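Structure at a glance
Below are the chains, spelled out letter by letter.
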Amino acid sequence: PSVQENQAGYHRFAQDVGARYLYQVGNTGQQIDWSLDPVALVSAEMPFPEGATAIRYHQEMDMTAYPNAAPEQADRSLVVSFLNLFDRIDYQDNYTEFRRAMELGDFAFEVYGHEQEDGFLTPVHAIGARMASAGWGWHDKPVGDGFGHVVHAWAAVGRPLVGHAEYYRGKMAEPLWRDGETCLDLGARSLKETVALIHEIAADPDRHAEMCRAIRAEFDRLVDYEAEADAVRRLLGL
């Protein structure tokens, strides 16, 4: 199973046919019934009890869609968001106030996803290409991620984030949020100070490039798909 409601049924089926029972866990707060003794493949932050058969890994993304993009490709005065259903979540006010202030300084915003003003980008390579052309990734998301495909995609492409670092505290993407190095943390200073800082960095190509390289380096430090695949194979005895 990959959703918590299917655990008992899949466990019964595994027992009936003599198969091993695996459970893929990909969301923050996803319930795990450890009494069913799953082999748990977890791409979220939940802890494992002592003696559990479990492994933590990063869900694999198509790296041809999200290649490490040269900082020179970036329009440093462009902020892009790929957060779905943005208007329904209570952080909309942060975005509206920040966007209004930035656009007074000739910055541009693009907002993609479900119910967003710029609609959808398809295929997935178009998303990666738009990330590469942006100077900043707006990712102010208080609701939980598991692995967090969008936030890791920004890191893979190599574009600094703008958002509240506290929203990712204790989650898999927490290391991507280092204020002034890989991101601008909206919780670290006032809105006015953040607006001034993003203008200052955008006017300094070398400083912006340093942030681009820093977040990509953090992605490389965290994510090794081949090593994780080998670890999963060993756990499964393959």
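Everything here concerns the structure above.
Structure report, in brief.

Turning next to the nonpolar core. With 32 residues, the main nonpolar core has Met-61, Tyr-66, Met-131, Leu-161, Leu-176 and Trp-177 as its most contacted residues. Breaking this core down by element, the ones donating at least two residues are strand S4 (75-81), helix H3 (124-133), helix H4 (149-157) and helix H6 (205-222). Sort the elements by how many residues they give to this core and H4 lands first, with 6 residues. One finds Tyr-95, Leu-184, Leu-186 and Ile-201 within the second-largest nonpolar core, a separate group that totals 19 residues.

Every α-helix carries 3.6 residues per turn, so stepping three or four residues along brings you back to the same face. Compared with the 26 Å implied by 1.5 Å per residue over 18 residues, the 26 Å span of H6 between its first and last C-alpha is a close match. All of the buried residues in H6 are His-208, Ala-209, Met-211, Cys-212, Ala-214, Ile-215, Arg-216, Glu-218, Phe-219 and Leu-222.

This structure, assessed with the given rule, holds 10 salt bridges. Close ionic contact of Arg-221 with Glu-218 constitutes a salt bridge, the shortest N to O distance being 2.5 Å. Remark: Glu-218 and Arg-221 occur in helix H6; sequence separation between them is 3 residues, near one turn of the helix. The network of salt bridges with common partners includes Arg-178, Glu-181, Glu-218 and Arg-221.

Here we take up a negative patch on the surface. Taken together, the side chains of Glu-60, Asp-62, Asp-224 and Glu-226 define an acidic patch exposed on the protein surface. For Glu-226, the location among the structural elements is in helix H7 (residues 225-236). For Glu-226, a relative accessible area of 57% gives the class exposed.

The subject of this paragraph is helix H1 (residues 7-17). Among the residues of H1, Gln-7, His-11 and Ala-14 are the ones counted as buried. Seen from one end, H1 has its buried residues packed into an arc of 60 degrees, which puts them on one side. Residues of H1 that are exposed and point more than 90 degrees away from the buried face comprise Arg-12, Phe-13, Asp-16 and Val-17.

What follows deals with the side chain of His-58. Following the sequence through the fold, His-58 ends up in the loop between strand S3 (53-56) and S4. Look at His-58 and you get buried, because its relative accessible area is 10%. A polar side-chain atom of His-58 sits 2.6 Å from a polar atom in the side chain of Glu-228. Excluding residues that lie within four positions of it along the chain, His-58 makes contacts with Phe-147, His-152, Met-172, Leu-222, Val-223, Tyr-225 and Glu-228.

Strand order in the open sheet formed by 3 strands is S1-S2-S3, with parallel pairing between adjacent strands. The open sheet has two edge strands, strand S1 (22-25) and S3, and neither has a second partner. Along the sheet, successive strands turn relative to each other by an average axial angle of 15 degrees, direction set aside. Taken together, the 4 bridges between strand S2 (residues 39-42) and S3 define a ladder with parallel strand orientation. Counterpart to Leu-41 in the pairing with S3 is Ile-55. Packing against the sheet, H7 makes contact with S1, S2 and S3, and its axis sits at approximately 175 degrees to S3.

Calculation criteria
- Residues numbered from 1 in each chain as written.
- Predicted model: local features only at pLDDT ≥ 70, side-chain atom pairs only at ≥ 80, totals over all residues.
- Heavy atoms only, no water.
- Core = buried A, V, L, I, M, F, W, Y, C linked by side-chain atoms within 4.5 Å.
- Buried < 20%, exposed > 50% of the residue type's maximum accessible area, 1.4 Å probe, protein only.
- Helix = DSSP H or I, 4+ residues; strand = E, 2+ residues; numbered from the N terminus.
- Expected span 1.5 Å × (residues − 1).
- Salt bridge = Lys/Arg side-chain N within 4 Å of Asp/Glu carboxyl O.
- Patch = residues over 30% accessible without salt bridge, like charges linked within 9 Å, V, L, I, M, F, W, Y side chains within 5 Å.
- Areas by Shrake-Rupley, 256 points an atom, 1.4 Å probe, with all protein chains shown as cover.
- Lys, Arg positive; Asp, Glu negative; His and termini not counted.
- Charge placed at Lys NZ, Arg CZ, Asp CG, Glu CD.
- Arc of directions from axis to C-beta.
- Polar contact = N/O pair within 3.5 Å; in protein donor to acceptor, adjacent residues only side chain to side chain.
- Contact = heavy atoms within 4.5 Å.
- Pairing = 2+ DSSP bridges.
- Axes fitted to C-alpha atoms, helices over the stretch in contact; angles between N-to-C directions.

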